[in-house]
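Survey of secondary and tertiary structure
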Amino acid sequence: MDGKLKKRPFGEQAIAALVVWGELDQRLVDQPICEDCYEELRETLIERESEIPNAAQTVGQAS
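The structure reproduced in this document is the subject of the present report. The shown structure was predicted, so the numbers you read here are calculated from the model rather than taken from an experiment. (Residues numbered from 1 in each chain as written. Predicted model: local features only at pLDDT ≥ 70, side-chain atom pairs only at ≥ 80, totals over all residues. Heavy atoms only, no water.)

**A short note on unusual backbone geometry**
Not every positive phi belongs to a glycine, and Asp30 is a case in point at roughly 70°. Looking at where Asp30 falls in the secondary structure, it is placed in the loop between helix H1 (12-20) and helix H2 (35-47). (Helix = DSSP H or I, 4+ residues; strand = E, 2+ residues; numbered from the N terminus.)

Take a look at the structure:
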């Protein structure tokens, strides 16, 4: 069943980038998501791969 919720494997840099870009709400970090949402986030990460280190650095500076 594709709609089943489960935890998905994103690294810390990827999660930080998704939050900075507004693709993932901070409240949803470490929460289960559906397969379609996972695929969408994964595609975003692939498309914006070169931006990930800068986005992760932004989060590190804000802490």
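**Concerning the packing of aromatic side chains**
Taken as a whole, this structure holds one aromatic pair when the rule is applied. With a centroid separation of 5.3 Å and an interplanar angle of 45°, the aromatic rings of Phe10 and Tyr38 are classed as tilted. Of the two residues, Phe10 is situated in the segment before H1 and Tyr38 in helix H2; the sequence distance between them amounts to 28 residues. Note that Arg48 overlies the ring of Trp21, its terminal NZ or CZ placed 4.1 Å from the centroid. (Phe/Tyr/Trp six-rings, centres within 6.5 Å; stacked < 30°, edge-to-face > 60°. Lys NZ or Arg CZ within 6 Å of the ring centre and 35° of its normal.)

**Here's the deal with the nonpolar core**
Ranked by internal contacts, the top residues of the largest apolar core, which has 14 residues, are Phe10, Leu18, Trp21, Leu24, Leu41 and Leu45. At the level of secondary structure, the elements contributing two or more residues to this core comprise H1, H2 and helix H3 (52-62). Ranked by the residues each element gives to this core, the list is headed by H1, at four residues. Non-local contacts of Leu45, meaning those with residues more than four positions away in its chain, are made with Phe10, Ala14, Leu18, Trp21 and Ile52. (Core = buried A, V, L, I, M, F, W, Y, C linked by side-chain atoms within 4.5 Å. Buried < 20%, exposed > 50% of the residue type's maximum accessible area, 1.4 Å probe, protein only. Contact = heavy atoms within 4.5 Å.)

**Considerations on the pattern of salt bridges**
Considering all chains together, one arrives at three salt bridges under this definition. With a closest N to O distance of 2.9 Å, Arg27 and Asp25 form a salt bridge. Exposure remark for Arg27: the relative accessible area of 69% places this residue in the exposed category. A relative accessible area of 32% means that Asp25 is categorised as partly exposed. Notably, a salt bridge pairs Arg48 with Glu51, separated by 2.8 Å at the nearest N-O pair. Classification of Glu51 by relative accessible area gives partly exposed; the value is 34%. (Salt bridge = Lys/Arg side-chain N within 4 Å of Asp/Glu carboxyl O.)

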